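One-letter residues, chain by chain:
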Amino acid sequence: MIRAVRYLALVAVTLSASAGCVVSVGSSHEQGAGETAGDGDGDGDDTADGDEVGDGDPQGCGFAQPEPLPGPPFDPLVCGAWVPEAPAPPNPPPPAACGSGGPCPTFSDVSEAAGLVYAQYIPTSSADAECIFDLPSGQGVVFNSNCEPQWISGGVAVGDYDGDGWPDLYVTRLAAPDLLFHNRGDGTFEDVAAEVGLGDCTFTNGAAWADVDDDGDLDLAVTALGGRAHHLFINEGGCFVDEAEARGFALTVDTKRSGQSVTFGDYDLDGILDAHVNEWIDDADRDDVGVWGSRLLHGLGDGVFEDVTEAAGVSIADIVFLRDGAWGFASTFVDLDDDGLPDLAIAADFGEARLFWNEGDGSFSDGTLAAGVADEGNAMGTTFGDYDGDGRLDWFVGAIAEQSPEGCPIDECVWRGTGNRLYRNRGDRSFEDVTEAAGVRDGGWAWGSALFDADHDGDLDIVQTNGWPGRGGYGTFAHLDTPMRLWLNEGGVFDELGAERGIQDTGQGRGLVTFDYDRDGDLDVFVANHRGRPVLYRNDGAEQVPWLVVEVEGSGSNRDGRGAVVEVQAVADGPAQIRQIGVGAHFLGETELGAHFGLGEGTTSVHEVRVRWPASGEQVVLGEVAPGQRLHVIEP
C-alpha cells in the first residue's frame, strides 16, 4: 500500500470536539452452540431513537434484515432461545459531594440516557441443566451442567469504526445478536449491528478493534464461547464480512470453543499486526480436531495470520497441576524491559499466568519466576501503566480476594484467593510485589481492571469490576453483589473511594473499558455486566483540570500505532508521564488506543510531547503544546 509522503511541518485541524480540537501532526459468523436460528436486533435493547444513523440501511451495506429469534423456552444450545430484554435499572444513589478544595470528579450512571440498555444473557444454573458445556464426572458426563465458562462472559471493545471521530462500542452476548453502538456525538448511542453485517445470532465473548489489513479503517475480532470458530469481521467502508476462516483466524474445532480475550500488537516489528487469542477450557471439553488454548497468531500481511504458538515458545497449555486444561483469560503485547521489543504477558487461571520476554528472533523465553510475577493464583483482568511515575510500566492484575470463614488475612489464606497484585517494575526484568503497601489487594472476585487518570492530577488511578454467580472458594455465595472499586492514587498509595465518587455498581461485572465517549476531555467508564444490563459512568468534573490526548498513527509501523511510546513533560525539568499504545484494560475487550494525560491544575502549556515508534525508531518531538486538545501524530 502506497501512502502519501508526510511532512511534520504541516499541521491541520481535522475535527472540532466539544472540549477542544483534534490536531493532526503530519501530512495532508459461525452462529451457535447447537441449533441456530435467524437473528434479530434484540427487540428490547431500548436503544435511543433517532434518524441520524440507525433508520433503514444507513451504510448502504445491503444486508437483509434478520429473521425473528425463536424465543423461549430457554435452551442453552439454541441461539435466540431467550428474550433479550434488559432488566430494570438498579437506580443507584447519586455520587456524594466531594466538598471544597478544588475539582473533585464524580461519576454518574448515564446508561439509560445514552441508550446503552440491553441484556447480555440471563441467569443460568447447573442444577437446572442450563449450561452450554457439559460436566465430566467419575460416572461419565452430566450434560449441560458446566456453567463456569458462560459465567465468564460479557465483552466490550471501543473503536471508531466509521472514522467520524467519536468512539463506538461493540458488546458481546451469548445466544443473541451482538450489538454495535454507534456514537451519535450528542451523548447517545444507537445499535446498528444488523445494518452493517454484525447482526447474526452468535455465542461470543472477547472483542477487539484493529486495522488488520492496513487499509485505514478498524476491523473487528471476536472470540467464540459456545461456537466452533472465532470471528474476524473485515471492515469495507463501514460494512462487515466475517473472513476469519480464509484469513487463518477462526481456529475452527468440531465441538465448542471457550474463547476469552483477544489482543493485537506487532511483536516482530515488521509493521504488521499480530494477534493473541485466549481460551479458558477444561481438557475434558476438548476434542482431537484443531488447536486449543491461548494462541499466538503471526500476521503475514493483509489481515492473514498463521499460528506460531509452539514455534514461538508461548504455549501455556497443561503447565499447571491444579486443574488440567488451558486457562488463559487476557494478554498484552507490552515492552516491559524497554528494549523496544513487545513482550507477551498473559493473565491466566490456576497459576498458569506467564510473562514471556521477546528475544527478537521470533521467539520468547519464559521469565515468569525470575521476574517475581504470577503468584496471585487466579490472574484475570490485566492492565499496565506507570503508577509511580518512574518511567517504567508496572503491572496490575485483577484476581480473587476471598476471606476464609475462619477470618484469616486474605494474603495468608490456605485457598489461593489472595487478591489482586500490583507489580512494580524495577527495570531489570524483575518486579516487586507492592500490593499490600499500595492498598489495592481486595477487589472481590475481580475481573476487568484499568489504570487511568480519573481526576487529571497527573498519576494513574485504578478502576475494577467484579462478581461471581456461583459458590466461592469456601462454598458460599460471597460475590453475588459486591460493589466495584475505584482506587485513587495519592503518591503511590491508593484510597478506595468508589462509593464516594459514584462508582458502586454491584452487577456481575466482566469487561471494563475507559474512554471519552462525550469528548469533553476526561475518561468515562463502561462496564459490561454478565447476565444483566451494562453501566456507563460519565466522569463529571475532571474535564475542568487541564488534559491532553495523543493519538498515534503508524506509516512504516502498524497503522494503529500499537507499541508506540508517548511521553509528556508538562514542565521543563519536571517529571514526564509515559504511556504505551495498546496496553490498557485487556479483559474481554480493549480501551481506546489514544494516550490520555491529566496535566494537573494550572497547566497552560505542555513543555514537550515525544512519540517514538519501535518498528522504525522514528521520533516526533513537539514543544509548547496547548492542553485541551486531541493531538494526532503520524509516523514520519
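The shown structure was predicted, so the numbers you read here are calculated from the model rather than taken from an experiment. (Residues numbered from 1 in each chain as written. Predicted model: local features only at pLDDT ≥ 70, side-chain atom pairs only at ≥ 80, totals over all residues. Heavy atoms only, no water.)

Another point: the pattern of salt bridges. Overall, the coordinates contain 28 salt bridges when judged by the stated rule. Two residues, Arg 184 and Glu 190, come together in a salt bridge whose shortest N-O distance is 3.0 Å. Looking at Arg 184, the relative accessible area reads 11%, which means it is buried. The shortest N-O distance in the salt bridge between Arg 295 and Glu 310 comes to 2.8 Å. Taken as a pair, Arg 295 in strand 18 (residues 295–301) and Glu 310 in helix 3 (residues 309–312) lie far apart in primary sequence, 15 residues in all. For Arg 295, a relative accessible area of 4% translates into the label buried. Through salt bridges with shared partners, one network takes in Asp 388, Asp 390, Arg 392, Arg 424 and Glu 432. (Salt bridge = Lys/Arg side-chain N within 4 Å of Asp/Glu carboxyl O. Buried < 20%, exposed > 50% of the residue type's maximum accessible area, 1.4 Å probe, protein only. Helix = DSSP H or I, 4+ residues; strand = E, 2+ residues; numbered from the N terminus.)

Our next topic: the environment of Pro 72. If you trace the backbone, Pro 72 turns up in the loop between strand 2 (20–25) and strand 3 (106–109). Placed 11 residues apart in sequence, Pro 72 and Val 83 show a C-alpha to C-alpha distance of 7.0 Å. Those residues in contact with Pro 72 that lie beyond four places of it in its chain are Ala 81 and Val 83. (Contact = heavy atoms within 4.5 Å.)

In this section: the state of the cysteines. Enumeration according to the criterion identifies three disulfides in this entry. Note that Cys 61 is cross-linked by a disulfide to Cys 239, the S-S spacing being 2.0 Å. Because the torsion about its S-S bond is -90°, the bridge between Cys 61 and Cys 239 counts as left-handed. Here Cys 61, found in the loop between strand 2 and strand 3, pairs with Cys 239, found in strand 15 (residues 239–242); they are 178 residues apart in sequence, far enough to count as distant. Between Cys 79 and Cys 201 runs a disulfide, and the two sulfur atoms are separated by 2.2 Å. Between Cys 79 and Cys 201 the sulfur-sulfur dihedral comes to about -100°; the bridge is accordingly left-handed. (Disulfide = S-S within 2.5 Å.)

Membership of the largest hydrophobic core comes to 19 residues, with the highest contact counts inside it found for Val 550, Val 566 and Val 609. Of all the secondary-structure elements, those providing two or more residues to this core are strand 35 (547–553), strand 36 (565–569), strand 38 (595–598), strand 39 (606–612), strand 40 (619–625) and strand 41 (630–634). (Core = buried A, V, L, I, M, F, W, Y, C linked by side-chain atoms within 4.5 Å.)

The next thing to look at is the side chain of Asn 378. Counting through the fold element by element, Asn 378 comes out in the loop between helix 4 (368–371) and strand 24 (382–385). A polar contact of 2.7 Å, which involves the side chain of Asn 378, links it to the side chain of Asp 349. (Polar contact = N/O pair within 3.5 Å; in protein donor to acceptor, adjacent residues only side chain to side chain.)

By the element assignment, Ala 401 lies in the loop between strand 25 (394–397) and strand 26 (421–425). Here Ala 401 falls in the buried class, since its relative accessible area comes to 5%. Put simply, Ala 401 and Gly 419 are 18 residues apart on the chain and 3.9 Å apart in space, counted from C-alpha to C-alpha.

Every other side chain in a regular strand lies on the same face of the sheet, so the side chains alternate between the two faces. Sheet topology note: the strand 36/strand 39 ladder contains five bridges and is antiparallel. By the bridge assignment for strand 39, Val 568 is matched with Val 609. In the sheet, strand 39 pairs with strand 40 via six bridges, with the strands oriented antiparallel. Paired with Arg 610 across the bridge in strand 40 is Val 621. Two successive antiparallel strands, strand 39 and strand 40, enclose a turn made up of six residues, where Gly 617 displays a positive phi of approximately 80°. (Pairing = 2+ DSSP bridges.)

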